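Listed below, chain by chain, are the residues.
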Amino acid sequence: MTRKLFAPSHAETFLLGLVLAVVCFAIAACSSLGMAPTDTFEKRVAAGIVTVDAVATAADNALTSGKLSKQDAQNVAAGARVALSGIMVAQKLYTDACPLRPVLETPDPACKSAEAATKLDSTLAVLTALQSYLATKGAK
Amino acid sequence: MGTGTALALQLLITTLEHASELNALILAANAQGRDVTPDEINGLRDKAQASIDRLQASIDAAP
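Since we're looking at a predicted model, the values are computed, not measured. What you see as residue numbers is a count from 1 along each chain, following the sequence as written. Whichever chain is written first is A, and whichever ligand is written first is 1; the rest continue in order. With the structure being a predicted model, the display of local features is reserved for residues of pLDDT at least 70 and the display and counting of side-chain atom pairs for 80 or more, all residues being used for whole-chain, interface and lining totals. The basis for every side-chain value is the complete set of non-hydrogen atoms in the structure, without hydrogens or water.

Participant: Got a minute to help me understand the confidence of the model for chain A in this structure?
Facilitator: Low pLDDT means the predicted atomic positions in that stretch should not be read closely. As a per-residue measure, pLDDT tells how confident the predictor is, with possible values from 0 to 100. Mean pLDDT over chain A stands at 81; residues scoring 70 or higher make up 73%. Per-element confidence in chain A is highest for helix 3 (residues 70–97) of chain A, whose mean pLDDT is 96, and lowest for helix 1 (residues 10–27) of chain A, whose mean pLDDT is 56. In this description a helix means any DSSP run of H or I spanning at least four residues, a strand means any run of E spanning at least two, and both kinds are numbered starting from the N terminus.

Participant: Would you explain the confidence of the model for chain B in this entry?
Facilitator: For chain B, per-residue confidence averages 88 on the pLDDT scale, and residues scoring 70 or more make up 94% of the total. Both scores are given for the predicted complex: the pTM is 0.81, the ipTM 0.89.

Participant: When you look at the nonpolar core in this model, what are you seeing that I'm missing?
Facilitator: By convention a nonpolar core is built from buried Ala, Val, Leu, Ile, Met, Phe, Trp, Tyr and Cys residues, the set being connected through side-chain atoms within 4.5 Å. Any residue under 20% of the maximum accessible area for its type is buried, any over 50% is exposed, and the rest in between are partly exposed; the area is computed with a 1.4 Å probe on protein chains only. Judged by nonpolar contacts, the single largest core of 45 residues is most densely connected at Ile49(A), Val52(A), Ile87(A), Leu127(A), Leu134(A) and Leu55(B). Taken together, the elements giving at least two residues each to this core come down to helix 2 (41–64), helix 3 and helix 4 (114–136) of chain A together with helix 1 (3–31) and helix 2 (38–61) of chain B. The leading source of residues in this core is helix 2 of chain A, at 13 residues. Excluding its chain neighbours within four sequence positions, the residues that come into contact with Leu127(A) are Gly48(A), Thr51(A), Val52(A), Val55(A), Ala83(A) and Ile87(A). Here a residue-residue contact requires only that any non-hydrogen atoms of the pair lie within 4.5 Å.

Participant: Any chance you could explain the interface of chain B and chain A here in plain terms?
Facilitator: The accessible area lost on association of the parts is a frequent measure of interface size. Counting residues at the interface gives 41 residues for chain B and 54 residues for chain A. Overall, the association of chain B and chain A removes approximately 4,400 Å² of surface from exposure, summing both partners, and the carbon and sulfur fraction of that is 73%. Area buried by chain B at its contact with chain A is led by Leu7(B), Leu11(B) and Asp35(B), which between them contribute 15% of it. Salt-bridge detection follows one rule: a side-chain nitrogen of Lys or Arg within 4 Å of a carboxyl oxygen of Asp or Glu. Summed over the shared surface of chain B and chain A, the number is one salt bridge. Here Lys47(B) makes a salt bridge to Asp53(A), at a shortest N to O gap of 3.1 Å. Polar contacts here mean pairs of N or O atoms no more than 3.5 Å apart (in protein, one a potential hydrogen donor and the other a potential acceptor; neighbouring residues in sequence count only if both atoms are side-chain atoms). Summed over the shared surface of chain B and chain A, the result is eleven residue pairs in polar contact (both at pLDDT 80 or more). Buried area: the sum, over both parts, of the accessible surface (1.4 Å probe) that disappears when the two are put together.

Participant: Please clarify how the side chain of Gln91(A) should be interpreted in this entry.
Facilitator: Inspection of the secondary structure puts Gln91(A) in helix 3. A residue is classified by how much of its surface remains accessible, and Gln91(A), at 6% relative accessible area, is buried. At a separation of 3.2 Å, a polar atom in the side chain of Gln91(A) contacts the side chain of Glu42(A). Gln91(A) has contacts with Phe41(A), Glu42(A), Val45(A) and Ile41(B), leaving out every residue within four places of it along the chain.

Participant: Sorry, what's going on with the state of the cysteines here?
Facilitator: Here a disulfide denotes a covalent bond joining the sulfur atom of one cysteine to the sulfur atom of another. All names here are of chain A. We call a pair of cysteine sulfur atoms a disulfide when they lie within 2.5 Å. With the rule as written, the count across this model stands at one disulfide over all chains. Shown here is the disulfide that connects Cys98 with Cys111, its sulfur atoms set 1.9 Å apart. Residues Cys98 and Cys111 share a disulfide whose torsion about the S-S bond is about -75°; that sign makes it left-handed. Here Cys111 lies in the loop between helix 3 and helix 4 and Cys98 lies in the loop between helix 3 and helix 4, a separation of 13 residues in the sequence. Take Cys111: its relative accessible area is 23%, and that puts it in the partly exposed class.

Participant: What am I meant to see in the pattern of salt bridges here?
Facilitator: It is possible for side chains bearing opposite charge to pair when their charged atoms get close. Residue and element names in this part refer to chain B. Across all of its chains, the model carries seven salt bridges over all chains by this definition. Glu21 is the salt-bridge partner of Lys47, the closest N and O atoms lying 3.3 Å from each other. Residue Lys47 is found in helix 2, and its partner Glu21 is found in helix 1; the two are separated by 26 residues along the sequence. The class of Lys47 is partly exposed, set by a relative accessible area of 36%. The class for Glu21 is partly exposed, based on a relative accessible area of 30%. With a closest N to O distance of 3.1 Å, Glu40 and Arg34 form a salt bridge. When its relative accessible area of 18% is taken as the criterion, Arg34 is described as buried.

Here it is, written out as structure tokens:
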């Protein structure tokens, strides 16, 4: 006998797709629909941090309203800590490679750091997986 | 509404609220012809850390 671990309804599948679309919307460059594009490293860092905040807040709300188990909430908290730490490491790598310009107090947007970009990309991938994890919890 | 649907909807609403906040920050920076500053990034980091701490406090208080 086989047992499905996760069998979402049509509404849940739709909502999960919608959530993932919004995650991409927040993390990637999305100039359509009035959203400002995250077209620099610093803006991508900001988007990642805001997404960590959103995941932690949503998990907190879900836990207190009984829609998320304590263990799942603990997993989300651990993942959020890892993601936030990874994003700040990427930010540090970037500012080390691209020093702040005087007056503007931001690095030159043309300055690139492959190491920082790789770290940020991998951390944002973890963050997307964390949102998927949270979105599917509670359906079991 | 199933628990999973409610949770996905809750996550969607929270994400949209935060995306709106991010949008305002980026638009303000663009209007001033600059990028997001380290101070703004540190402010976002502190806010995210506070949200994680609140989540941990709720976990610790949960039965």
